[in-house]
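# Architecture at a glance
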Amino acid sequence: MNVLIPFTEGELRDALSSAGFENVEIVAKWNNFTTFVARKKAPVLSDDKSIARSQKKISVKQVTPHLDALFDMCPVYLNDYVEPKLLGTVCTQRMQYFAEKGAMSNDTLETFDEIARMIQQLPKLSSKTLVVDQPVLTMGDPDELTAEQMDVLHQCVNALKPWKKGPLCIFGTHIDTEWRSDFKWERLQQSLPNLKDKVVCDLGCGNGYFMYRMLEYSPKLVLGVDPNLHAWLEFHLFQRISGVENIKFEYMRGDIMASFPGMFDVVFCLGVLYHTPDPITMLKDIHKSMKGKSTLIVDCQGIPGDDDIALFPKKRYTNMKGVYFLPTLNTLRSWLQRANFRCIEVIFNEELSTDEQRSTEWAPVRSLEESLDPADKTKTVEGYPRAHRFYVKCMK
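Before going into details, it helps to say that this report is about the structure given with it. Computed from a prediction, not measured in an experiment: that's the story for all the values here. Starting afresh in each chain, residues are numbered from 1 along the sequence in its written order. Given that this is a predicted model, residues contribute local features only at a pLDDT of at least 70 and side-chain atom pairs are listed and counted only at 80 or more, while totals for whole chains, interfaces and linings are drawn from all residues. Heavy atoms throughout the structure, all of them, feed into the side-chain values; hydrogens and water do not.

Judged by nonpolar contacts, the single largest core of 108 residues is most densely connected at Leu-237, Ile-286 and Leu-296. Once you skip the residues sitting within four places of it in the chain, Ile-286 turns out to touch Leu-203, Met-257, Val-267, Cys-269, Leu-296 and Phe-341. Definition of nonpolar core: a set of buried residues of the types Ala, Val, Leu, Ile, Met, Phe, Trp, Tyr and Cys, connected through side-chain atoms within 4.5 Å. Each residue is assigned to one of three classes by its accessible area relative to the maximum for its type, calculated with a 1.4 Å probe on protein chains only: buried under 20%, partly exposed between the two thresholds, exposed over 50%. Contact definition: two residues touch when any of their heavy atoms are within 4.5 Å.

Structure follows, in structure tokens:
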């Protein structure tokens, strides 16, 4: 894989030093290739007093009883899909990951725990109103809640700002999300494989908007995987209202896919690949999780052009951290081929629009418009090419 890495030699030295290396030397140069040799820094030895001082600075993790109450410790449904020899490992991984709850501050965990408390104050329903075949995902009728419960709901949905995926209508409250996810779904619908009675994975599922839209096609199971606790809470609010039983959300990273060998008939990987430092390994893990002759649908941000390259931003891309490789369409095809996918079909290839991603009252964030160069909308504020969106369908 050829990658555009916009670093000078000095910046690469600094990066190696920041990563814990020393004695960085250039030992060879050829054309655009530079070989560095570096040594891992030795650990700094501390006396007992220094160790004691550092231990005092370590904060105790916030107790989150209401978040913990939402977590399913024993997901019985997995017994039907995961090999017995892997089931114990999967359960241990998911419990450990949930216990860690990412690198969140105690203030954030306290806020999330309060949101979880509000969700649990709402009644468990199988609402008479659940509309999944229209652009606005609609659930809940206002007359199903008491005035007191409606007040809790309003507090809850406001506390969950910013809302990313939608649009939504919850008990009559219209939520204009940052992403018009219905635009993407409308494009994908034209190329959907058969989902009826299928086991489907939505990798990077966010709050579950797309999983609910899939219900129109009667899948057997839709499993969402996402390491975003904020999205996990939104999903639990949806589940509290809808009572839908064949949609599940695993709060895990994408590398869990390798623990589901041969499980899925269809995998959606929407808006994920450019957030991973190793996209080919992720694609190989996805391939392993799929049954024979199954379908993968990928949505990936990338850059325009026909070269076999990917952009590797220095720090941020459109004000976002955690963006690693933004491929050209040709490079995305190569990634898929190297992961042994076949029958690659391009569904969509256009510049990302500010009509589709924008700041709203329910998502008061720096969105796409704020992340483009004011003087040249073909570039980001960092000076990189503006993102294109590639949708690709392929087969195992």
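Strand pairs in the sheet, formed through backbone hydrogen bonds, run parallel or antiparallel to each other. The strand order across the open sheet built from seven strands is S11-S10-S9-S12-S13-S19-S16, with neighbouring strands paired in mixed fashion. Sheet topology places strand S11 (247-250) and strand S16 (342-351) at the edges, where each strand pairs with a single neighbour. The sheet shows a mean angle of 15 degrees between the axes of neighbouring strands, taken without regard to direction. With four bridges joining them, strand S9 (residues 199-203) and strand S12 (residues 264-270) adopt parallel strand pairing. In the sheet register, Asp-202 faces S12, and the bridge partner there is Phe-268. Every angle, taken between N-to-C directions, lies between 0 and 180 degrees, and every axis is a line fitted to C-alpha atoms, over only the stretch in contact when it is a helix. Strands are runs of DSSP state E lasting at least two residues, helices are runs of H or I lasting at least four, and both sets are numbered from the N terminus onward. Lying over the sheet, helix H7 (residues 181-189) contacts S12, strand S13 (290-302), S16 and strand S19 (388-395), oriented at roughly 35 degrees with respect to S19. One bridge is not enough; two strands pair if DSSP finds at least two bridges between them.

Within the secondary structure, Gln-120 is located in helix H5 (residues 106-121). For Gln-120, a relative accessible area of 25% puts it in the partly exposed group. Distance from Gln-120 to Leu-67, taken between C-alpha atoms, is 9.7 Å for residues 53 residues apart in sequence. Beyond its immediate stretch of four places on either side in the chain, Gln-120 contacts His-66, Ala-69, Leu-70 and Arg-240.

Two aromatic rings from Phe, Tyr or Trp, using only the six-membered ring of Trp, form a pair when their centres are within 6.5 Å; if the ring planes differ by under 30 degrees the pair is stacked, by over 60 it is edge-to-face, and anything between is tilted. Under the criterion given, the structure shown has 15 aromatic pairs. Ring geometry for Phe-98 against Tyr-251: centres 6.1 Å apart, planes inclined by 85 degrees, an arrangement best described as edge-to-face. Highlighted residues: Phe-98 in helix H4 (residues 84-100) and Tyr-251 in the loop between S11 and S12, separated in sequence by 153 residues. For Tyr-251, a relative accessible area of 3% translates into the label buried.

By definition here, a helix of n residues has an expected span of 1.5 Å times n minus one. With 13 residues, helix H6 (residues 147-159) extends 18 Å between its outermost C-alpha atoms, agreeing within 8% with the 18 Å of an ideal straight helix rising 1.5 Å per residue. Residues of H6 that are buried: Met-150, Val-152, Leu-153, Cys-156 and Val-157. Here the buried residues of H6 occupy an arc of 155 degrees about the axis, which is enough to place them on one side. Structural note: H6 exposes Ala-147 and Glu-148 on the side pointing more than 90 degrees away from its buried face. What the arc covers is the set of directions going from the helix axis to the C-beta atoms.

Residues Lys-161 and Pro-162 are joined by a peptide bond in cis, for which omega reads 0 degrees. Among the structural elements, Pro-162 can be located in the loop between H6 and strand S5 (165-166). The amide bond that connects Gly-166 to the next residue, Pro-167, takes the cis arrangement and shows omega of 15 degrees. With respect to the secondary-structure elements, Pro-167 resides in the loop between S5 and strand S6 (168-170). The phi torsion at Lys-293 lies on the positive side, around 55 degrees, for a residue other than glycine. Assignment of secondary structure puts Lys-293 in strand S13. One non-glycine residue, Asn-340, lies in positive phi territory at about 75 degrees. Mapped onto the secondary structure, Asn-340 falls in the loop between helix H11 (329-338) and S16.

A word on the environment of Phe-325. With respect to the secondary-structure elements, Phe-325 resides in the loop between strand S14 (310-311) and strand S15 (326-327). You can call Phe-325 buried: its relative accessible area is 11%. The spatial distance from the C-alpha of Phe-325 to the C-alpha of Phe-312 is 5.0 Å, given a sequence separation of 13 residues.

Turning next to the packing of helix H10 (residues 279-289) against H11. Relative orientation and spacing of two packed helices are given, respectively, by the angle between their axes and the distance between those axes. Where H10 contacts H11, the two axes come as close as 9 Å, and the packing angle between them is 50 degrees. Taken together, the axis directions place H10 and H11 in an arrangement best described as oblique. Like other packed secondary-structure pairs, H10 and H11 cross with a definite hand, here right-handed. Together, Pro-279, Ile-280, Leu-283 and Lys-284 of H10 and Trp-335, Leu-336 and Arg-338 of H11 make up the contact between the two elements. Partitioned by chemical class, the residues of the contact of H10 with H11 number five nonpolar, no polar and two charged. Note on angle classes: values under 35 degrees are labelled roughly parallel, values over 145 roughly antiparallel, values of 65 to 115 roughly perpendicular, and the remainder oblique. What makes a crossing left-handed is the near helix being turned counterclockwise from the far one by less than a right angle; a clockwise turn instead makes it right-handed. Here the term charged refers only to Asp, Glu, Lys and Arg, the term nonpolar to Ala, Val, Leu, Ile, Met, Phe, Trp, Tyr, Cys and Pro, and the term polar to all other amino acids, Gly among them.

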